Amino acid sequence: MSTKNNVMVFIQQDEGKIVDVSLELVSKASELAARLGVSVTGVLPGHGIEKEAQKAIQYGAAEVVCIDDKRLAYYTPVPYAKVMTQVIKKYQPQIVLYGATTTGRDLGPRIASSLKVGLTADCTDLQIGEYSYKDKVFENILYQIRPAFGGNIVATIVSPERFPQMATVREGVMKMREPDDAAKGTITKMDIEFGDQDFPTEIIKRVKEAKSVNLKGSHIIVAGGIGVGSKDDFNLIKDLAHTLGGEVGASRAAVDAGFVAKEHQIGQTGTTVRPKLYIACGISGSIQHRAGMAESSRIIAINSDPEAPIFQVAHYGIVGDLKDVIPKFIKAYKAKA
Ligand SMILES: Cc1cc2nc3c(=O)[nH]c(=O)nc-3n(C[C@H](O)[C@H](O)[C@H](O)COP(=O)(O)OP(=O)(O)OC[C@H]3O[C@@H](n4cnc5c(N)ncnc54)[C@H](O)[C@@H]3O)c2cc1C
């Protein structure tokens with residue numbers, strides 16, 4: 001495949017609506033494509049999705065290939081893999097990106113094994129650069145960047161000799177750009193011939209658990225770590241979050257200690273967030289925690305240890321016992337509100 005072709009994004013939809021991570025990826029893909037002097041092609045399988053394709057154009061896709069079939073309304077691996085493989089073979093993109101959702105994590109490896117190409121899972125950054133190996137210099141290679149060895153190193157992975165270069169990217173990591181309502185692009189309908197053998201599984205019923213925690217959608221997050229001390233004391237974190245109208249977050253250590261449920265975990269193996277305000281209380285600021293919150297617009301850290309690494313990313317730091325600081329914080333806020 002050529003290194004001159006487009007950057008492709010698998011556009012995932014849920015109940016006919018494009019999921020956020022796909023728009024984040026289209027946004028990032030348009031940056032990569034600009035660097036490469038090419039454009040972005042989205043691939044949107046589903047049913048009744050043509051209208052939604054316009055949305056991907058607003059976020060930077062020049063073309064959206066729609067594969068509309070009522071049997072594609074919900075993700076199942078075999079037909080979706082067939083769709084993606086055929087579209088990739090036809091368009092020969094140099095890069096293909098998938099959200100690291102349950103769907104993307106299932107689909108990406110199937111395509112990689114069918115096309116015999118590489119795939120880097122759970123990237124936290126993507127860049128374009130040069131790669132030299134022995135006497136060869138490869139230009140415009142996708143740097144697939146992700147934490148490795150338990151987050152102790154940040155690895156840059158390349159696959160310079162096999163195309164397309166493919167990666168899954170975690171939700172919330174790439175910044176979604178502002179939609180451009182006036183953006184123009186092409187919506188292409190593509191027919192794929194399916195046989196009964198392409199649908200070995202049938203979805204009989206879909207059960208969706210309602211989300212009780214909305215970390216990604218919250219502008220204010222108050223997060224507690226193991227330094228909070230106990231499940232009871234974690235109510236302080238909840239009180240502050242409630243007072244500020246924000247959501248409750250937590251470090252993995254606080255989750256593992258049973259202070260709060262896993263859905264609240266922020267970081268490499270939790271949710272990635274970028275709220276307007278992030279208040280980290282009793283959190284040391286390990287690299288794995290920072291991977292999920294360092295892009296927040298404003299960070300306040302409350303920690304009794306002045307040397308805690310969280311202060312390296314905090315815009316404001318309060319050195320003190322959170323059990324003293326938080327009640328004062330709440331009191332002061334209520335007095336001003
Ligand atoms: C593969 C892998 C993935 C991981 N993924 C994640 C992840 O997604 N998210 C995550 O958070 N971690 C993750 N971790 C764990 C991570 O390495 C740290 O262990 C964890 O973030 C530490 O949590 P913590 O900051 O609450 O605890 P600690 O590091 O123990 O820090 C507690 C802090 O509280 C402060 N403190 C104590 N008492 C008080 C007080 N009374 N008032 C104020 N401050 C006080 C201390 O000074 C200290 O800085 C992962 C680890 C691995 C290996």
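For the structure, see preceding data.
The present account deals with the structure reproduced in this document.

What counts and what doesn't
Residues numbered from 1 in each chain as written. Predicted model: local features only at pLDDT ≥ 70, side-chain atom pairs only at ≥ 80, totals over all residues. Near = placed C-beta within 6 Å. Helix = DSSP H or I, 4+ residues; strand = E, 2+ residues; numbered from the N terminus. Nonpolar A, V, L, I, M, F, W, Y, C, P; charged D, E, K, R; others polar. Pairing = 2+ DSSP bridges. Axes fitted to C-alpha atoms, helices over the stretch in contact; angles between N-to-C directions. Buried ≥ 20, exposed ≤ 12 C-beta atoms within 10 Å, placed from the backbone.

**Quick word on the site of the ligand**
Line of reasoning, step 1. In the region of the ligand, 30 residues are neighbours, and G225, G227, R252, G267 and S284 sit closest.
Line of reasoning, step 2. Sorting the residues of the shell around the ligand by element identifies helix 6 (252-256), helix 7 (287-290), strand 16 (298-303) and helix 9 (322-336) as the ones contributing at least two each.
Line of reasoning, step 3. Here the shell around the ligand gets 3 residues from one element, more than from any other, and that element is helix 6.
Line of reasoning, step 4. When its residues are assigned to classes, the shell around the ligand shows 8 nonpolar, 18 polar and 4 charged.

**Some remarks on the sheet that holds strand 7 (residues 120-123)**
Line of reasoning, step 1. Across the sheet, which stays open at both edges, the 7 strands sit in the order 7-11-6-1-4-5-12 with parallel pairing between neighbours. The open sheet has two edge strands, strand 7 and strand 12 (186-189), and neither has a second partner. Each neighbouring strand pair of the sheet contributes to a mean axis angle of 25°, computed without reference to strand direction.
Line of reasoning, step 2. Pairing analysis gives 5 bridges linking strand 6 (residues 95-99) to strand 11 (residues 165-169), with the strands arranged parallel. Across the sheet, the residue bridging to G99 is V169, located in strand 11.

**Focus: the pairing of strand 15 (residues 277-281)**
Line of reasoning, step 1. Of all the 5 residues making up strand 15, 4 are buried; the element is thus mostly covered by neighbouring parts of the structure.
Line of reasoning, step 2. Looking at chain direction, strand 13 (residues 220-224) and strand 15 are connected through 5 bridges and run parallel. Residue pairing across strands places V222 opposite I279, the latter belonging to strand 15.
Line of reasoning, step 3. Looking at chain direction, strand 15 and strand 16 are connected through 5 bridges and run parallel. Paired with A280 across the two strands is A301, which belongs to strand 16.

Without other data, these values stay purely geometric and don't point to any function.
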